[in-house]
Amino acid sequence: MGVGIQVENLNAWYGKSQALHDINLKVEANHATALIGPSGCGKSTFIRCLNRMHETSPEATVKGKVKIGELDAYNGTSPTQLRRRIGMVFQKPNPFPTMSIYDNVAAGLKLNGYNNKKHLDDIVERSLQSSALWEEVKDSVHKKSGASLSGGQQQRLCIARALAVEPEVLLMDEPCSALDPISTGKIEELIFQLKEQYTIVIVTHNMQQAARVAEFTGFFLLGRMIEYDKTEKIFTNPSDKRTEDYITGRFG
Amino acid sequence: MRTRFQQGLDELRQKLLRMGGLAEQAVDRACQAYLDRDLNRCQMVLEGETQINVSEREIDELAFDLLAMQQPMAVDLRFILAVTKINADLERVGDQAVNIAERVIDMVSLPAVELPVDIARISAAVSAMVRRSLESFIEAKAELAQAVLEMDNVVDRMRDEAFIMLVKAMNEQPEITRQALDALLVARNLERVADHATNIAEDVIFWVRGADVRHNVPQEENGPQPVQRAATETR
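Rules used in this analysis
Residues numbered from 1 in each chain as written. Chains lettered and ligands numbered in written order. Predicted model: local features only at pLDDT ≥ 70, side-chain atom pairs only at ≥ 80, totals over all residues. Axes fitted to C-alpha atoms, helices over the stretch in contact; angles between N-to-C directions. Helix = DSSP H or I, 4+ residues; strand = E, 2+ residues; numbered from the N terminus. Parallel < 35°, antiparallel > 145°, perpendicular 65-115°, else oblique. Left-handed = near helix turned anticlockwise from the far one by under 90°. Contact = placed C-beta atoms within 7 Å. Pairing = 2+ DSSP bridges. Core = buried A, V, L, I, M, F, W, Y, C linked by C-beta atoms within 7 Å. Buried ≥ 20, exposed ≤ 12 C-beta atoms within 10 Å, placed from the backbone. Nonpolar A, V, L, I, M, F, W, Y, C, P; charged D, E, K, R; others polar. pLDDT = per-residue confidence, 0-100.

Trainee: Mind showing me how you'd approach the packing of helix 3 (residues 101-111) of chain A against helix 6 (residues 151-164) of chain A here?
Mentor: Packed helices, taken two at a time, are described by the angle their axes make and the gap between the axes. Residue and element names in this part refer to chain A. At a minimum axis distance of 7 Å, the contact between helix 3 and helix 6 shows a crossing angle of 30°. The angle between helix 3 and helix 6 places the two elements in the roughly parallel class. Crossing handedness for the pair helix 3 and helix 6: right-handed. Every residue of helix 6 that contacts helix 3 at Ile101, Asn104, Val105, Ala106, Ala107, Gly108 and Leu109 is listed here: Leu157, Ala160, Arg161 and Ala164.

What follows is the structure, encoded as structure tokens:
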């Protein structure tokens, strides 16, 4: 099951340049939350702070509190421990190109020492089923490489890879921006189904996508979270003028 | 700024204003025709209906295109929804004007009689409601629209008074029954126009404030009030 995320006074920097200012946010468990905003507003930086990927950038620093369920991300938790509980899918599908479909999905488990073949088989099949890819690849999981799949299939393979380690939270950073409308539709349908088991945070530039998949939406601007509310409120009657100007295309 | 979209919204607004002008003119002409027993004005109202119907279709088509092609959000979405609803109300206002004109044609074929009803007073109140509801749309002012809602009860009372007085007259003077019935129907048509003006005002409030004030639902149930400034920029 997914867990809630509590963010308190989160600030992030790239060197001396502050990218996030005092972000406070409570992400509901087992819901999809969309983050929208113009390029450079800090939304990707924000989700990279949730799984401590931000600190892997040169001179990047973070200050503030992030709790994933009861786990304090920046106090007494290692990045590895944290990332076992938080899967991430990126803008561009990034399967391991030389590995088979099976090995792509099993990679995280193998790294963590799992080697029971029956157990691995079960998890690979379950993960590919969860990512709605199983029916398309079940006869070739060992034969085909991850790179031989279409872009949409590759992205669903990456989702299966993220799900294989049984995380509680799934972060998605513009997961459909490189996909055609049919593949996008499949990923969106997947998000709808996955939130029964996972808490999903999705960064998207596509506001219609945010409206379609997310129950809650946050609007970021210049490193600050301007507004956070139910998605229907944000897209029909936002409280802040800046949100309205952005979603109606008056700037950004 | 989405120039093409803004041009579409501007065009929609202009078309609705033109439609509003036609509907307002139709009601005024029909009322004046009643007061002057003027068949020429009746004919103008009947002929004008076609233009109103054509406008209704044009507005719906444009709104439909904007919804399909531009995926409007927030204040723009509320604006387009409000326009389609106001459009339907204005078309019905045109229909009511035609109904009045048809009653006047019937009355003119009968001897003129004194009737205990002040249609001029009712029509002045109703015309003011239509005019102000359209002004509230032009100005994107929820306060103006709110004032229209408050006028509706006044017109309802006028219609009720007219009903009582005309039924009494019919009982006392059966020979004027047909003329009294025509007048009663005109009063009812005018009251319906007032209802449409009320609907228009409610739609303006929805567009400007994002609040649904229909059917006297308390304001608290509509959630917090959004920024009003944004609505004026859609104009």
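The discussion continues.
Trainee: Please clarify how the sheet that holds strand 5 (residues 71-72) of chain A should be interpreted in this entry.
Mentor: Whenever strands of a sheet pair, they do so through backbone hydrogen bonds, lying parallel or antiparallel. All names here are of chain A. With antiparallel pairing, four strands are arranged side by side in an open sheet as 2-1-4-5. Only two strands of the sheet have a single partner each, and these edge strands are strand 2 (17-27) and strand 5. Here strand 4 (residues 60-68) runs beside strand 5; their pairing, made up of two bridges, is antiparallel. The residue bridging lysine 67 from the neighbouring strand is aspartate 72, located in strand 5.

Trainee: How should the pairing of strand 1 (residues 5-14) of chain A be read in this particular structure?
Mentor: Here is the key point about a regular strand: its side chains alternate between the two faces of the sheet. Residue and element names in this part refer to chain A. Strand direction decides the pairing type here: strand 1 and strand 2, joined by seven bridges, are antiparallel. Its bridge partner being in strand 2, alanine 12 is matched across the sheet by leucine 20. In this antiparallel pair of consecutive strands, strand 1 and strand 2, the connection spans two residues, and glycine 15 shows a positive phi of 65°.

Trainee: Looking at this model, I keep getting lost on the nonpolar core. Mind explaining?
Mentor: Burial of nonpolar side chains together is a common tendency in soluble globular proteins. Ile202(A), Val27(B), Ala30(B) and Val204(B) are the most contacted members of the largest nonpolar core, which totals 145 residues. When neighbours within four sequence positions are excluded, Val204(B) is seen to be in contact with Ala82(B), Ser133(B), Ser136(B), Phe137(B), Ala142(B) and Ala145(B).

Trainee: Would you take a moment to explain the packing of helix 1 (residues 3-36) of chain B against helix 2 (residues 39-70) of chain B for this structure?
Mentor: Residues and elements named next belong to chain B. Where helix 1 contacts helix 2, the axes come no closer than 9 Å and their chain directions differ by 160°. With respect to each other, helix 1 and helix 2 are oriented roughly antiparallel. As for how helix 1 packs across helix 2, the hand of that crossing is left-handed. In the contact of helix 1 with helix 2, the residues fall into 17 nonpolar, six polar and seven charged.

Trainee: Is there a simple way to think about the environment of Trp13(A) in this case?
Mentor: Residue and element names in this part refer to chain A. With respect to the helices, strands and loops of the structure, tryptophan 13 is situated in strand 1. Of the residues examined, tryptophan 13 has 17 C-beta atoms within 10 Å and is grouped as partly exposed. Once the C-alpha coordinates of tryptophan 13 and arginine 85 are considered, the two residues, 72 residues apart in sequence, prove to be 24 Å apart. Setting aside its immediate chain neighbours within four residues, tryptophan 13 contacts Gln18, Ala19, Ala60 and Thr61.

Trainee: I'm lost on the sheet that holds strand 9 (residues 216-221) of chain A in this one. Help?
Mentor: Residues and elements named next belong to chain A. The strand order across the open sheet formed by six strands is 6-7-8-3-9-10, and the pairing between neighbours is mixed. The open sheet is flanked by strand 6 (86-89) and strand 10 (224-230), the only strands paired with a single partner. Averaged over all pairs of adjacent strands, the angle between strand axes in this sheet comes to 15°, irrespective of strand direction. Pairing geometry for strand 9 and strand 10, over six bridges, is antiparallel. Within strand 10, the position partnered with leucine 221 by the bridge is arginine 224. Contacts between helix 1 (residues 43-50) and the sheet are confined to strand 3 (32-36), strand 6, strand 7 (169-173), strand 8 (199-203) and strand 9, with strand 8 contributing the most and set at about 150° to the helix.

Trainee: Would you mind showing me how to read helix 3 of chain A here?
Mentor: Given 3.6 residues to a turn, an α-helix orients residues that are three or four positions apart in the same direction. All names here are of chain A. Listed as buried for helix 3 are Ile101, Tyr102, Asn104, Val105, Ala106, Gly108 and Leu109. Residues of helix 3 that are buried in the fold lie against helix 4 (117-130), helix 5 (134-137) and helix 6. Within two residues after helix 3, glycine 113 carries a phi angle of roughly 95°, on the positive side.

Trainee: Would you take a moment to explain the confidence of the model for chain A for this structure?
Mentor: Predicted coordinates in regions of low pLDDT should not be interpreted in detail. Residues at a pLDDT of 70 or more form 100% of chain A, whose mean pLDDT is 94. Averaged pLDDT values over the elements of chain A bottom out at 90 in helix 7 (residues 181-194) of chain A and peak at 98 in strand 1 of chain A.

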